[in-house]
Amino acid sequence: MSLIAVLLRLGIIGLVSLLVTAAFLYAGGWLSPDRLTPVKVVDRFEQVDGISAGFRRNHAKGLCFAGVFQSNGQGLRVSRASVFDMGEVPVVGRFALAGGQPYLPDTPQMVRSMAVRFMPADGEDWRTGMNDIPVFPVSTPEAFYEQLAVFAPDPATGKPDPARMADFFARHPESAHAIELIKARAVSSGFHNDTFNSLDAFRFVDAEGKSVAVRWSMVPDAPFEAAAAAPGADKNYLFEDLIARIGQQPVQFHLVVTIGQPGDPTNDATVAWPPERERIDVGTLSIHAVEGEDVGACRDVNFDPLVLPAGIEPSDDPLLSARSAVYSRSFWRRAGESKDPSAVTTPAADKGA
Ligand code: HEM
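Below you will find a few notes about this structure. (Residues numbered from 1 in each chain as written. Predicted model: local features only at pLDDT ≥ 70, side-chain atom pairs only at ≥ 80, totals over all residues. Heavy atoms only, no water.)

1. Some details on the packing of aromatic side chains
Link 1 in the chain: One pass over the full model with this rule turns up 20 aromatic pairs.
Link 2 in the chain: Between Phe-45 and Phe-144 the ring centres are 5.9 Å apart and the planes differ by 55°, which places this aromatic pair in the tilted class. A residue pair is termed long-range when its members are at least 10 positions apart, and Phe-45 in helix H2 (residues 38-49) and Phe-144 in helix H3 (residues 141-150) qualify at 99 residues.
Link 3 in the chain: Residue classification places Phe-144 among the buried residues on the basis of a relative accessible area of 17%. (Phe/Tyr/Trp six-rings, centres within 6.5 Å; stacked < 30°, edge-to-face > 60°. Helix = DSSP H or I, 4+ residues; strand = E, 2+ residues; numbered from the N terminus. Buried < 20%, exposed > 50% of the residue type's maximum accessible area, 1.4 Å probe, protein only.)

Laid out in structure tokens, this is it:
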């Protein structure tokens, strides 16, 4: 081989190494220090809430459940996802409280969540995380990152700094409005009679390829009962109540899909859609077992909102890809730690299951 050919080969190898290094530096945010990265978001959760080894960095206090989704076939009108074929699909899920502190006592006003993994036989997994608020407080990942710090308690007063909050709301009027709606919501007495909403919009695609914007909710069978003003005596009273109920009989929810109309925002989870939109009840979720998450099947699940089956697609909501990337980063951190015991345990787990 001539000297020129050798030099050329070495040059190509050097160039490839340079490009790979540059790609790693870019992905790590080193070339653009102002860019928001999943690492920065998870770091901020840890700055605000501390690190609880092995726990989710948000929605840290939770309980696993198992159940069955009984599809009534109505979902096929708008989506070809196999989960909507008439019949039963096993599910694993998780009830939780928002926030990164797994040992905080339950209180009525804390945001509650339900996450579900539908596991149809053909492997077309669908994962969704829903909160019991009517809208999300921010519309972009950048605003989410900022508000984590803005709403963190000031160590001097134990409360968020009012001047920083006023400045945030002046720059984010959509958040000021969303938080008014969230504060005005009717809070139910427990997990079993609460409604959980996807908040983000998605797209359903039917067998002909027609696509519609949707949001969905898990609506309880149990009638609404308002929460008492004060928390229960037990620090885990919300979870203990749910465990006792499911010990008696399955707790049921209906999966209700709201069909968006042209003009309904799909890229802004702070805005509610008009209440008169068509809603389709596509089936019933029956929860028949709960398990403390130290031993439960949900512990090692990442409820990534972009794990979607054929027939369900992401919308243009910028929160979705950020959630997917951040959940993955939170998952890898907690999966690499030995987990501290959960606050919430179930009778089976107490017996050393
Ligand atoms: C529509 C907006 C959102 C909804 C409905 C939502 C809902 C949820 C739910 C239900 C969980 C608990 C999942 C489980 O039980 O494992 C969760 C976890 C989490 N959320 Fe969100 N979330 C939203 C937005 C965000 C955003 C914007 C971020 C940050 C960019 C974020 C960060 C996290 C993290 C880090 C976890 C823990 C993930 C894990 O370790 O598995 N969320 N979210």
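2. Here we look at the packing of H3 against helix H4 (residues 162-171)
Link 1 in the chain: For the pair H3 and H4, interaxial distance at closest approach is 10 Å and the crossing angle is 160°. Put simply, H3 runs roughly antiparallel to H4. Relative to H4, the crossing made by H3 is left-handed. Residue-level contacts link Ala-143, Glu-146, Gln-147, Ala-149 and Val-150 of H3 to Arg-164, Met-165, Phe-168 and Arg-171 of H4.
Link 2 in the chain: Each residue belonging to the contact of H3 with H4 can be placed in one class, and the counts come to five nonpolar, one polar and three charged. (Axes fitted to C-alpha atoms, helices over the stretch in contact; angles between N-to-C directions. Parallel < 35°, antiparallel > 145°, perpendicular 65-115°, else oblique. Left-handed = near helix turned anticlockwise from the far one by under 90°. Contact = heavy atoms within 4.5 Å. Nonpolar A, V, L, I, M, F, W, Y, C, P; charged D, E, K, R; others polar.)

3. What about the nonpolar core?
Link 1 in the chain: Counting 46 residues, the largest nonpolar core has Phe-95, Met-114, Phe-118, Trp-216 and Met-218 as its most contacted members.
Link 2 in the chain: Here this core gets six residues from one element, more than from any other, and that element is helix H6 (residues 237-248).
Link 3 in the chain: Setting aside anything within four residues of it in sequence, one finds Phe-95 in contact with Lys-61, Gly-62, Leu-63, Phe-65, Ser-113, Met-114, Phe-191, Phe-196, Phe-239, Leu-242, Phe-253 and Ile-287.
Link 4 in the chain: Counting 19 residues, the second largest nonpolar core, distinct from the first, contains Val-135, Ala-143, Leu-319 and Val-326. (Core = buried A, V, L, I, M, F, W, Y, C linked by side-chain atoms within 4.5 Å.)

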